[in-house]
Amino acid sequence: MFRPTQYLLWARRFLGQARFDLATSGISAPSLGELGVPSPAELDDSSGWVRLREAIAAHSAVAVAETVATLGTSHALWVAYASLLEPGDEVLVEDPTYEPLLRAAEGVGAHIVRFERARSARFALDPERVERATTARTRVIAITNLHNPSGARASFDALRAVARVAASRGAFLLVDEVYAAFDSFVDANGIFQGSARKLAPNVVTVSSLTKCYGLGTHRIGWLLGPPDVVQRAEEVLSATCGMLPLSHSQIALRAFARIVDLARRSKSLLADKRLVVDAWAESQRLDWSAPAEGLFGFAIVPGAGDLTAAIEAGARDREVLVVPGSFFGVPNGFRLAWSAPRDVLDEGLGRLRDVLRDEVA
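The notes below deal with the structure included here. (Residues numbered from 1 in each chain as written. Predicted model: local features only at pLDDT ≥ 70, side-chain atom pairs only at ≥ 80, totals over all residues. Heavy atoms only, no water.)

## Re the side chain of Ser60
The criterion, for reference: Strands here are runs of E lasting at least two residues and helices are runs of H or I lasting at least four, both read from the DSSP assignment and numbered beginning at the N terminus. Any residue under 20% of the maximum accessible area for its type is buried, any over 50% is exposed, and the rest in between are partly exposed; the area is computed with a 1.4 Å probe on protein chains only. Every residue pair with non-hydrogen atoms within 4.5 Å of one another is taken to be in contact.
With respect to the helices and strands, the residue Ser60 is situated in helix 4 (residues 48-60). Judged by its relative accessible area of 2%, Ser60 falls in the buried class. Beyond its immediate chain neighbours, meaning those up to four positions away, Ser60 contacts Phe192, Lys198, Trp222 and Leu224.

In structure tokens form, the structure reads like this:
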């Protein structure tokens, strides 16, 4: 039913193994102590499920009826596809893209069609390209925002235009916005004002507190959509896992209660590291996506072949790791993140320079 996701298999082998990790695309984790450990009485409080849904709605500035809690963004993505598609339906997916957008759709029996986010346009979302790729069978148009792997942000105008394209086919726009809160995060009231869900009735979004806040191990995710889609998503959840763990809701509520402090922490960890990477990429004469926000970008090495073997050798011999572009369909490229501490980033960039020099020599 589900083909192996090659990127995730690779990540389990390599992520966390290199001393100079320039591959991990998320803020480092805060301790559970920083979140606050729920008491035994709170862990037994069954109101946690309802309160979590309310907290997600408040955080995203949408109605409670438009929210479903999930176990991270990957789970939310699968729930979204299972709620929106029937076997044989067509899903239009950006190219390049994050591989699970493809595999989850295939897993529910969808037919995949691609549209280009052009490197020459710095991977911008082009509604006209999307429209040309749609057919009468298109039921979902799936994108990431910030774009994974380039880090490019799609404007609200572009998202609205693509939502209109989808609506003309009776389809939905599905936006994985797990990175969308970079770099503004939340306002003083803990609200993320930038969700695409609010742009059009046929927009469905998935997200979590994983990447922007470092809470990946706690799997605090959600789906936002029209109430009828949410109702189907609840049925999918009931059929596949019954209900989410009550302990999950209590930890999530702690995180949402501290989201302003967590955002402040993330901003301090980002500091000026993107500018450091921009300067390094320019010095190496790479074709660099140069994102204005976030904590990763995409580099292409002109004239190079598939860099996967060289990247894996660099992890082994030089202890530096980036994500091979082959997992995004661009084998002569790599995704580079700046989530590491500044001293690790600086040393890692030096070692990565040596890996690339050896490859193109």
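Now that the structure has been shown, the text picks up again.
## Observations concerning the pattern of salt bridges
Put simply, the rule is: Any Lys or Arg side-chain nitrogen found within 4 Å of a carboxyl oxygen on Asp or Glu counts as a salt bridge.
Applying the stated criterion across every chain, the model contains 27 salt bridges. Here Glu34 and Arg265 are joined by a salt bridge, their closest N and O atoms 3.9 Å apart. Of this pair, Glu34 sits in helix 2 (residues 32-35) while Arg265 is found in helix 12 (residues 259-270), placing the two residues 231 residues apart along the sequence. Residue class for Arg265 comes out buried when judged on its relative accessible area of 18%. Between Arg53 and Glu234 there is a salt bridge; the shortest N-O distance is 2.9 Å. Separated by 181 residues along the polypeptide, Arg53 in helix 4 and Glu234 in helix 10 (residues 227-241) bring together distant segments of the chain. Classification of Glu234 by relative accessible area gives partly exposed; the value is 30%.

## Observations regarding the layout of surface pockets
Which parts of space are left empty comes out when a probe the size of a water molecule is rolled across the atoms. The following threshold applies: A 1.4 Å probe that fits into a set of points on a 1 Å grid over the protein atoms alone but cannot get out defines a cavity; an open set with protein on both sides within 12 Å along at least five of seven lines defines a pocket, and lining residues are those with an atom within 4 Å of a point. Grid points are joined across faces, edges and corners, and a volume is the space filled by probe spheres set on the points. By the convention adopted, Pro, Cys, Tyr, Trp, Phe, Met, Ile, Leu, Val and Ala count as nonpolar, Lys, Arg, Asp and Glu as charged, and the other residues, Gly among them, as polar.
Approximately 610 Å³ is the volume found for the largest pocket. Put simply, the parts of the chain that give the lining of the largest pocket at least two residues each are helix 1 (6-14), helix 5 (72-84) and helix 9 (210-213). Of all the elements, helix 1 adds the most residues to the lining of the largest pocket, at 4 residues. For the lining of the largest pocket, the residue count by class is 12 nonpolar, 12 polar and 5 charged. Computed from the structure, the second largest pocket encloses a volume of approximately 330 Å³. For the second largest pocket, the lining is made up of 16 residues, of which Trp49, Val68, Ala69, Leu237 and Leu244 are closest to its centre. Its residues placed into classes, the lining of the second largest pocket shows 10 nonpolar, 3 polar and 3 charged.

## Examining helix 5
The cut-off we apply is this: Expected span, for any helix, means 1.5 Å times one less than how many residues it has.
Between its first and last C-alpha atoms helix 5 spans 18 Å; for 13 residues at 1.5 Å apiece the expected length is 18 Å, and the two agree. Burial analysis of helix 5 places 11 of its 13 residues in the buried class, which makes it a mostly covered element. Three or more residues of helix 5 are buried, namely Gly72, Thr73, His75, Ala76, Leu77, Trp78, Val79, Ala80, Tyr81, Ser83 and Leu84.

## Overview of the sheet that holds strand 12 (residues 323-324)
Definition in use: For two strands to pair, DSSP has to find at least two bridges joining them.
One open sheet holds the 4 strands; their spatial order is 9-10-13-12, and the pairing between them is antiparallel. Each edge of the open sheet is held by one strand with a lone partner, namely strand 9 (287-288) and strand 12. Sheet topology note: the strand 12/strand 13 (residues 333-337) ladder contains 2 bridges and is antiparallel. Bridging across to strand 13, Val323 finds its partner in Arg335.

## Comments concerning the nonpolar core
Within soluble globular proteins, side chains that are nonpolar tend to cluster in buried spots. Where we set the bar: Here the nonpolar core consists of buried residues drawn from Ala, Val, Leu, Ile, Met, Phe, Trp, Tyr and Cys, with membership extended through side-chain atoms lying within 4.5 Å.
Counting residues in each nonpolar core, the largest one holds 109 residues, and the members touching the most others are Tyr81, Val91, Tyr213, Phe334, Leu336 and Leu352. Tallying contributions element by element places helix 5 first for this core, with 7 residues. The contacts of Val91, once residues within four sequence positions are left out, are Tyr81, Leu85, Ala105, Ala110, His111, Ile112, Val113, Val140 and Ala142. In this structure, Ile143, Ala163, Leu173 and Leu199 belong to the second largest nonpolar core, which totals 21 residues.

## A word on the sheet that holds strand 2 (residues 67-71)
Just so we agree on the cut-off: Orientation is described by axes fitted as lines to C-alpha atoms, over the contacting stretch for helices, and by angles from 0 to 180 degrees between their N-to-C directions.
Spatial ordering of the open sheet is given by 2-8-7-6-5-3-4, a layout of 7 strands whose pairing is mixed. Looking at the sheet topology across the chains shown, the edges are occupied by strand 2 and strand 4 (111-116). Strand-to-strand twist of the sheet, defined as the mean angle between neighbouring strand axes without regard to direction, takes the value 20°. Of the strand pairs in this sheet, strand 3 (residues 90-95) and strand 4 are connected by 6 bridges, and their pairing is parallel. Counted as the bridge partner of Glu90 is His111 from strand 4. The strands that helix 4 touches are strand 2 and strand 8 (220-224); relative to strand 8, the one it contacts most, it runs at about 70°. Against the sheet, helix 11 (residues 246-257) makes contact with strand 2 and strand 8, and its axis sits at roughly 85° relative to strand 8, the strand it touches most.

## So, helix 10
Since one α-helical turn is 3.6 residues long, residues separated by three or four positions face the same way. The line we're drawing: For this quantity, the arc is that covered by the directions from the helix axis to the C-beta atoms.
Taking 1.5 Å of rise per residue, 15 residues should cover 21 Å, and helix 10 covers 21 Å from first to last C-alpha, within 8% of that figure. If you check which residues of helix 10 are buried, you get Val229, Val230, Ala233, Val236 and Leu237. Each buried residue of helix 10 sits inside an arc of 110° when the element is viewed along its axis, so together they form one side. The inward-facing, buried residues of helix 10 abut helix 4, strand 2, helix 5, strand 6 (172-176), strand 7 (203-208) and strand 8. Positive backbone phi, approximately 75°, marks Gly242, located one or two places after helix 10.

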